[in-house]
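Examination of the molecular architecture
Residues per chain are reported as follows:
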Amino acid sequence: MHRLLEAIAGRRPYFWVWDTEVMPERGVEWESWYTERIMPKPTDQTQIWTAPVVGLTDRLELALPAECSWWQGRKATIFDWYGAELRYRLGDPDPDAAGPLTGLIRAAIHRPVTARSVLRFEANAVASYQPNPRCKANLDGGVVAISNGDELKFTYAGGASCKTLGEFRVGAEFFGKVIQASAVGERGMTMAGPNFSF
């Protein structure tokens, strides 16, 4: 029983890579992300993304995110976006029944606070390989599109993470994006680095 509870705890070992773990049915957690993007004006940005996450079933969770951003180009902090997203785990949440390979599909729709007629659509397909209870590796491909055509980008990410001391995890990940359209001059990029979680 302890292994099952540990497997569905909702902890995510990555920052840029989506994971295949979801909340158990009726489980609730608060998820927050803090991002610093240091780039030329006007895309230099500090962002806080925060959301309650609820397990609707043992395979499906709902998040209701809100984003606040400080933009260098605007010299202001604003309540930027809000929305909803669903994350569906393709494999059984019990690791013994699921086997080492599983997947997740994520779909999100967000709306900016200042433009009622615009929507941002996001989707990800994630694959996870967990050969043993201590280590896992993920691959993630995604797309982000804004309904008015201001933004279209494709994302790719991957990572590996292993438990070292208790729940403390160490690993590495990479993230990149290919920009097809950007109203603010966002550029494609690839980055890689270590990750730590507990």
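1. A look at unusual backbone geometry
When glycine is set aside, most residues are seen to have a negative phi, and most peptide bonds are trans. Its identity as a non-glycine residue notwithstanding, Arg26 has a phi of 70°, on the positive side. Its location among the elements puts Arg26 in the loop between helix 1 (2-7) and strand 1 (28-37). With relative accessibility at 68%, the residue Arg26 sits in the exposed group.

2. Remarks on the environment of Leu86
Secondary-structure assignment places Leu86 in strand 5 (residues 76-89). For the pair formed by Leu86 and Ala108, sequence separation is 22 residues and the distance between their alpha carbons is 6.4 Å.

3. So, the state of the cysteines
One pass over the structure, following the stated rule, counts one disulfide. Note that Cys135 is cross-linked by a disulfide to Cys162, the S-S spacing being 2.1 Å. Across the S-S bond of Cys135 and Cys162 the torsion is about 120°, and the bridge reads as right-handed. With Cys135 in strand 8 (residues 135-146) and Cys162 in strand 9 (residues 151-165), this pair connects stretches of sequence that are 27 residues apart. By relative accessible area, which is 25% here, Cys162 ends up partly exposed.

Conventions used here
- In this convention, every chain numbers its residues from 1, walking through the sequence in written order.
- Confidence filtering applies because this is a predicted model: local features only for residues at pLDDT of at least 70, side-chain atom pairs given and counted only at 80 or more, and all residues used for totals across whole chains, interfaces and linings.
- By convention in this description, side-chain values take in all heavy atoms of the structure and omit both hydrogens and water.
- Only DSSP runs of H or I covering at least 4 residues are called helices, and only runs of E covering at least 2 are called strands; the numbering of each starts at the N terminus.
- Whether a residue is buried, partly exposed or exposed follows from its accessible area with a 1.4 Å probe, protein chains only, as a fraction of its type maximum: under 20%, in between, or over 50%, in that order.
- Any two cysteine sulfur atoms lying within 2.5 Å of each other are counted as a disulfide.

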